[in-house]
Amino acid sequence: MSPVQGADIAATWTATTLPGGPFLSRRGPDLWLEEVRLADLAKEFGTPLYVYSRSAMRAAAAEYQQALANRPHLLCYAMKANSSLAVIKTFADMGLGFDIVSGGELARVIAAGGDPAKVVFSGVGKSRIEMAEALKAGVKCFNVESESELLTLSAVSSSLGQTAAVSLRVNPDVDAKTHPYISTGLKGNKFGVAHERARAAYALAARLPGIRVVGIDCHIGSQITEVAPYLDALERLLDLVEQVEADGALIHHIDLGGGLGITYTDEQPPAAGMLIAQLLARIEARGHGHRELLMEPGRSLVGNAGVMLTEVLVLKPSPEKNFCIVDAAMNDLIRPAMYQAWMGIVPCSQRFGEAMTWDVVGPVCESGDWLGRDRALTLKIGDMLAVLSAGAYGMTMASNYNTRPRAAEVMVDGDQATLIRRRETVQELFCNDILPA
Ligand SMILES: *Cc1c(COP(=O)(O)O)cnc(C)c1O
């Protein structure tokens, strides 16, 4: 190859912008996360492998914190996006609270050294046992989603001689303009108290002995890439705050939920700081500036901080379709199969040569088991690929389908790479099975 050609190719390497930058970069042919070459990690820890940048997570959280710095606030990381103990600890060390959706997530917060007093407990179906555990741990607040749940929670807390701090999750009936499976703020989905029922629900809460109203909240969906739905939801929420306070309730905090999107391909979501500035301007303008503001970001704190590494096992070209079969599958990363999500797939070390168009698929026995379709890649068997923006809803949604052990996880910080979850063994997958006599 002539030097000129080489220089041209090198120029395209550096010109490629990667979601996850500046922490994810291509240097020459190689993909790096912070100061660690990803191909080296794939070799050292095996594949499939999740790798997260601690600095990227910290930077994402810092942007929210800075935008909220001069007012009462609590940032509650929605840990269902990535609930690895090392990730929880990263955010707990920065002073964040957590948005949890199960007793299991509460146990993780406590195990990682997080503060239960900064936990808000969301979810449309909490069990009595989960309610009792959360009361004993002293969570900040329950985000209650129905009048039926209010009655149950009041009974549970009364039986423990406590009162439960409650914020009602209101469904503001706004369209978050996102995938129907991850849109949660419209009429006709299972989440929240309908806007027109909210006053009655607050009135009920005021009558219940085990309930103490402290706030109001909403969460309108996920992977939201526009400001407008947030502003619509905020106006509707503030209308309600004014009404229920006129009815006699005391609304200490407003929780605007999570849902801010990230860049998978060409999405251009607003920066967190910009979104918050616009929300705060409206809150101030309507005279609600004294209230504590809560937010529950998940994906936007971790999504672009992570990649999933996978090895090319089989190349299966055919006249109709070229299949690249890799060692990661829908059980490891279900977003493409479940939401038809597009995620970037790039080689850990770029090869020279003409690209072909491949469907990148896993070994699981389902035609829905794909990671990416129609991707232009130059490949050889044994190559390592990185699926980008895999830090959110990757490992937490992984399963053992096809008796596949779940992947290992590594956290990178500067030039240090630390194993934060070892790969499961096959024996662990059936150690709870019982063979009938
Ligand atoms: C999932 C969830 C979040 C976080 O959503 P992201 O889109 O990951 O930011 C926040 N609040 C509640 C109640 C949720 O269920």
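Per chain, the residues get numbers from 1 upward, laid out in the order the sequence is written. Reporting in this predicted model follows two pLDDT cut-offs: at least 70 for local features of residues, and 80 or more for side-chain atom pairs to be given and counted; totals over whole chains, interfaces and linings ignore these cut-offs and use all residues. Values shown for side chains rest on all heavy atoms present in the structure; no hydrogens or waters enter the calculation.

Peer 1: Explanation requested: the overall build of the chain in the structure shown.
Peer 2: Under the scheme used here, helices are H or I runs from DSSP no shorter than 4 residues and strands are E runs no shorter than 2 residues, and both carry numbers assigned from the N terminus. Assigned secondary structure in the chain consists of 13 helices and 21 strands. Only the C-alpha atoms count toward the radius of gyration. The rule for a globule is 2.2 Å times the residue count to the power 0.38. In summary, the chain has a C-alpha radius of gyration of 23 Å against a globular reference of 22 Å for 437 residues, a match within 12%. Along the three orthogonal principal directions, the C-alpha set of the chain runs to about 80 × 65 × 40 Å. When accessible area is computed with a 1.4 Å probe and restricted to protein chains, residues below 20% of their type maximum are described as buried, those above 50% as exposed, and intermediate ones as partly exposed. By the burial criterion, 53% of the 437 residues in the chain qualify as buried.

Peer 1: Would you explain helix H7 (residues 147–159) in this entry?
Peer 2: The α-helix advances 3.6 residues per turn, and as a result positions three or four apart in sequence lie on the same side. Expected helix span is given by 1.5 Å per residue-to-residue step, counting one fewer step than there are residues. Here H7 contains 13 residues, and its C-alpha end-to-end distance of 19 Å stays within 8% of the 18 Å for a straight helix at 1.5 Å per residue. All of the buried residues along H7 are Glu-149, Leu-150, Leu-153, Ser-154, Val-156 and Ser-157. Note on definitions: a residue-residue contact is assigned when non-hydrogen atoms from the two residues lie within 4.5 Å. Buried-residue contacts for H7 involve helix H6 (128–137), strand S8 (141–144), strand S9 (164–171), helix H8 (198–207) and strand S11 (211–217). Gly-161 sits one or two positions beyond H7 and adopts a positive phi of about 70°.

Peer 1: Is there a simple way to explain the domain arrangement of the chain in this structure?
Peer 2: Frequently, the measure chosen for interface size is the accessible area removed from exposure when the parts meet. On domain assignment, one finds that the chain holds domain 1 (3–53 + 303–429) and domain 2 (123–295). These domain limits were set by an automatic method or by a database of domain assignments. Put simply, the middle of domain 1 and the middle of domain 2, counted by C-alpha atoms, are 36 Å apart. Of the roughly 800 Å² buried where domain 1 meets domain 2, counting both sides, 60% is carbon and sulfur surface. Each polar contact in these results corresponds to two N or O atoms within 3.5 Å; when the atoms are within protein, one needs to be able to donate a hydrogen and the other to accept it, and residues that are neighboring in sequence are counted only if both atoms are side-chain atoms. Remark: the boundary between domain 1 and domain 2 carries one residue pair in polar contact (both at pLDDT 80 or more). A per-class count over the side of domain 1 that touches domain 2 returns five nonpolar, five polar and one charged. Buried area: the sum, over both parts, of the accessible surface (1.4 Å probe) that disappears when the two are put together. Side-chain classes follow a simple rule in which Ala, Val, Leu, Ile, Met, Phe, Trp, Tyr, Cys and Pro form the nonpolar group, Asp, Glu, Lys and Arg form the charged group, and the remainder, Gly included, forms the polar group.

Peer 1: Please clarify how the site of the ligand should be interpreted in this entry.
Peer 2: Whether a residue is near a molecule or strand is decided by its heavy atoms; if any one of them lies within 4 Å of it, the residue is near. Near the ligand there are 14 residues, and of these Lys-80, Ser-222, Glu-296, Arg-299 and Tyr-393 occur at the shortest range. Side-chain polar atom of Ser-222 to an oxygen atom of the ligand: 2.3 Å apart, as the coordinates give it. A distance of 2.6 Å separates a nitrogen atom of the ligand from a polar side-chain atom of Glu-296. All accessibility values rest on the Shrake-Rupley procedure with a 1.4 Å probe; residue burial counts only the protein chains present in the view. Protein coverage of the free-state accessible area of the ligand, which is 390 Å², stands at 94%. The residue makeup of the shell around the ligand, split by class, is three nonpolar, six polar and five charged.

Peer 1: Would you take a moment to explain the pattern of salt bridges for this structure?
Peer 2: Opposite charge on two side chains permits pairing when their charged atoms draw close. A carboxyl oxygen of Asp or Glu within 4 Å of a side-chain nitrogen of Lys or Arg is what we treat as a salt bridge. Scanning the entire structure with this criterion turns up 22 salt bridges. Across the pair Arg-27 and Glu-35 runs a salt bridge whose closest N-O atoms are separated by 3.2 Å. Ionic pairing is found between Lys-89 and Asp-93, a salt bridge with its closest N-O pair at 2.8 Å. Residue Lys-89 and its partner Asp-93 are located together in helix H4 (residues 85–93), separated by four residues, close to a single helical turn. Residue classification places Asp-93 among the partly exposed positions, given a relative accessible area of 46%. Salt bridges sharing common partners tie together Glu-235, Asp-239, Glu-242, Arg-282 and Arg-286.

Peer 1: What exactly am I supposed to notice about the confidence of the model for the chain here?
Peer 2: Interpreting fine coordinate detail is not advised for predicted regions of low pLDDT. The predictor reports its confidence for every residue as pLDDT, a score running from 0 up to 100. Across the chain, the average pLDDT comes to 93, with 94% of residues at or above 70. This stretch, residues 1–15, has a pLDDT under 50; its non-local contacts, to residues over four places away or in other chains, come to eight contacts.

Peer 1: When you look at the pairing of S11 in this model, what are you seeing that I'm missing?
Peer 2: Looking down a regular strand, the side chains alternate between one sheet face and the other. Counting buried positions over the seven residues of S11 gives six, a clear majority of the element. For two strands to pair, DSSP has to find at least two bridges joining them. Two elements, S9 and S11, share six bridges in a ladder whose sense is parallel. Bridged to Ser-167 within S11 is Gly-215. Relative to strand S12 (residues 253–255), S11 runs parallel, the two sharing three bridges. When the sheet's bridge partners are listed, Gly-215 is paired in S12 with His-253. Crossover handedness is defined by viewing with both strands directed away from the observer: a clockwise path from the first strand over the helix to the second marks the crossover as right-handed. Assessed by its sense of winding, the connection that carries the chain from S11 through helix H9 (residues 228–246) to S12 is right-handed.

Peer 1: Looking at this structure, how should I read helix H3 (residues 54–68)?
Peer 2: For H3, which comprises 15 residues, the first-to-last C-alpha distance of 21 Å matches the rise-based estimate of 21 Å (1.5 Å per residue) to within 8%. Taken residue by residue, H3 has Ala-56, Met-57, Ala-60, Ala-61, Tyr-64 and Leu-68 as its buried positions. The buried residues of H3 occupy an angular sector of 130° when the element is viewed end-on, so they sit on one face. What the arc describes is the spread of directions from the helix axis to the C-beta atoms.

Peer 1: Sorry, what's going on with the state of the cysteines here?
Peer 2: Where two cysteines share a covalent bond between their sulfur atoms, that bond is called a disulfide. By definition, disulfides here are pairs of cysteine sulfur atoms that lie within 2.5 Å. Summed over the entire model, instances satisfying the criterion amount to zero disulfides. Of the cysteine sulfurs around Cys-76, a residue in no disulfide, the closest is that of Cys-141, at 8.6 Å.

Peer 1: Explain the environment of Pro-317 to me, please; I cannot follow it from the model alone.
Peer 2: Looking at the element boundaries, Pro-317 is found in the loop between strand S14 (306–316) and strand S15 (323–326). Expressed as a C-alpha distance, the spacing of Pro-317 and Leu-333, which sit 16 residues apart in the sequence, is 24 Å. With near-sequence residues (within four places) excluded, Pro-317 lies in contact with Asn-322, Met-356 and Trp-358.

Peer 1: Would you mind showing me how to read the pairing of S14 here?
Peer 2: Sheet topology note: the strand S4 (residues 49–53)/S14 ladder contains four bridges and is antiparallel. Its bridge partner being in S14, Tyr-52 is matched across the sheet by Gly-306. The sheet contact formed by S14 and strand S19 (residues 384–387) spans four bridges and is antiparallel. Bridge assignment links Thr-310 to a residue of S19, and that residue is Leu-385. Pairing between S14 and S15: four bridges, direction antiparallel.

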